[in-house]
Amino acid sequence: MDIGTQHARTTPDDLSDEMVSAYRREGFIHLPGVISAQEAKRFADAAMTARRALTDHHSGSIFTQLLQLWQHDQTLRELTLNPDLADLATRLAGVPLRLWHDQLLIKEPRNGAATEFHQDQPYWPHAGARHALSAWIALVDVPVERGCMTFIPGSQHLDGLRPQDLADSADLLGLAPELVWERRVTVPLRAGDCTFHNARLAHTATPNFTDDPRVAHVVIYVDADVTFAAEPSHPVTDPLGLTVGGPLPDEHFPRFGAIGSRGAPGGTSRRPGSASAGSAGR
C-alpha cells in the first residue's frame, strides 16, 4: 500500500465560502490532505488489522465492508471522531450534524467489480434530514486503476428513489435516465485526501485493477435532528429497538459541535479519545 509524497493540506480554516457554494451546487468537493500521508499510513495499518480481526463484516466481489469501527478500534475511532473532519462536514452541510456510522470499504486486489452508480440516502432509515453527507478518506493512493470515485455533479436533486443495486450498471440510470447524458467527474485521490459528497449524489467507483488493496475510511454525517424511519432495514439500527419517529440516541449516534466550532462530539474542542468524546466507543 504505497503512500504518496506529502502534498497540500486542508484544514477547516482553508474552507472558503466559494468552496462551500461549489459543494452545494455540485454535490461533492475534493479536499487534499485532510490528514497527513503519515497519518493515512497509520490508519491504513489499523484498517488492515481490523479487516483480519473483525468477523462481523460483509465480503463480496465489489468490496469488503466493515461497519462501526469507532466502537471497535481505538485508532480508527480517532479518525471517525476527528473534530476537523466534523467541522468541515458541518460547514459544508450548513446544519448541525451527528454521526450516522463509519465504515471501511476495501476493494481487494484485482477484484474485477465496479461499484455501480447509486445514491447513499435510500439505504438509510432516516426521516426529515435536511442534509447528509459522507467523508470518503483515502488511506492509500487511489488512482483511477485502484477504484476511485466518479460523480455526476448536481444529481443530488434526485429524491424519493428506492435503493439501487450496486452490481447493476443500469439500475440507477434506468430510474433516472436523464443522468446518462450528464457530465461525470472522476476524482483520483492521494493518501490523506478526502471527498465529501451529498447522500443523494449519484456516484460510482471503478474496479481495483492493481495488486494492492484500495482502502477507504468513510465517515457518514447526518442532520442532528433526523428521526428514525420504519424502513429500510439497516444493520446499524436493527439491533437497537428504536422508536419510529423518535430521535437517534446520542450514545449510538454522537452529535458534533455547532457550526463554526471545532466539531468534536458534544461541541467541545477536545480530541477524540478524551473523556468528552462520548461513551459509546470502546
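Preceding this paragraph is the structure being described.
Just so it is clear, the model here is predicted, and its values are computed rather than measured.

Burial analysis of helix H4 (residues 83–93) places nine of its eleven residues in the buried class, which makes it a mostly covered element. Among all positions in H4, only Pro83, Leu85, Ala86, Asp87, Leu88, Ala89, Thr90, Leu92 and Ala93 are buried. The N-cap of H4, judged by a side-chain oxygen 2.8 Å from the amide nitrogen of aspartate 84 a few residues on, is asparagine 82. Of the residues one or two after H4, glycine 94 is the one with positive phi, at around 80°.

Right, let's get into the pairing of strand E4 (residues 97–107). In terms of burial, E4 is largely enclosed, as eleven of its eleven residues are buried. With ten bridges connecting them, E4 and strand E12 (residues 214–223) associate as antiparallel partners. By the bridge assignment for E12, isoleucine 106 is matched with valine 215.

At their nearest, the axes of helix H1 (residues 17–26) and H4 sit 9 Å apart, and the two run at 65° to each other. Relative to H4, the element H1 lies roughly perpendicular. When you trace H1 past H4, the crossing you get is right-handed. Contact residues: H1 offers Val20, Tyr23 and Arg24, while H4 offers Arg91, Leu92 and Ala93. Class assignment of the residues belonging to the contact of H1 with H4 gives a composition of four nonpolar, no polar and two charged.

The subject of this paragraph is the side chain of glutamate 26. Note on placement: glutamate 26 falls in helix H1. Within the local environment of glutamate 26, its side chain forms a polar contact with the side chain of arginine 183, the two groups lying 2.9 Å apart.

Moving on, we get to the pattern of salt bridges. In total, this model carries 15 salt bridges according to the counting rule given. Here arginine 25 and glutamate 26 are joined by a salt bridge, their closest N and O atoms 3.9 Å apart. Looking at arginine 25, the relative accessible area reads 53%, which means it is exposed. Residue classification places glutamate 26 among the buried positions, given a relative accessible area of 18%. Across the pair arginine 98 and aspartate 250 runs a salt bridge, and its minimum N-O distance is 2.9 Å.

The strand order across the open sheet formed by seven strands is E1-E10-E7-E12-E4-E3-E2, and the pairing between neighbours is antiparallel. Two strands close off the open sheet at either side, each with one partner strand: strand E1 (28–31) and strand E2 (58–59). Bridge count for strand E7 (residues 132–138) against strand E10 (residues 194–198) is five bridges, and the pairing is antiparallel. Bridge pairing in E10 links serine 134 to histidine 197. Helix H2 (residues 37–53) rests against E2, strand E3 (64–67), E4, E7 and E12 of the sheet, and its axis sits at about 75° to E4.

The rules behind the values
For every chain, the first residue of its written sequence is number 1, and the numbers climb from 1 along that sequence. Since the coordinates come from a predicted model, pLDDT governs what is reported: local features require at least 70, and pairs of side-chain atoms require 80 or more to be given and counted, while whole-chain, interface and lining totals use all residues. Only hydrogens and water are removed before side-chain values are computed, so all heavy atoms of the structure are retained for them. Buried residues are those whose accessible area, probed at 1.4 Å on protein chains only, stays under 20% of the maximum for their type, while exposed residues exceed 50% and partly exposed ones sit between those limits. Each helix corresponds to a stretch of at least 4 residues labelled H or I by DSSP, and each strand to a stretch of at least 2 residues labelled E; elements are numbered beginning at the N terminus. Counted as a polar contact is a pair of N or O atoms within 3.5 Å, where, for protein atoms, one must be capable of donating a hydrogen and the other of accepting one, and residues adjacent in sequence contribute only when both atoms are in side chains. The pairing criterion for strands is at least two bridges between them, as found by DSSP. For every element, the axis is a line fit to its C-alpha atoms; helices are fit only across the contacting stretch, and the angle between N-to-C directions ranges from 0 to 180 degrees. Angles below 35 degrees are treated as roughly parallel, those above 145 as roughly antiparallel, those between 65 and 115 as roughly perpendicular, and all remaining angles as oblique. In this scheme, a crossing is called left-handed if the near helix is turned counterclockwise away from the far one by less than a right angle; it is called right-handed if the turn is clockwise. Contact between two residues is taken to exist if any of their heavy atoms lie within 4.5 Å; hydrogens are not considered. Here the nonpolar group is Ala, Val, Leu, Ile, Met, Phe, Trp, Tyr, Cys and Pro; Asp, Glu, Lys and Arg are the charged ones; every other residue, Gly included, is treated as polar. Any Lys or Arg side-chain nitrogen located within 4 Å of an Asp or Glu carboxyl oxygen qualifies as a salt bridge.

As far as function goes, none of this settles anything; it's purely spatial.
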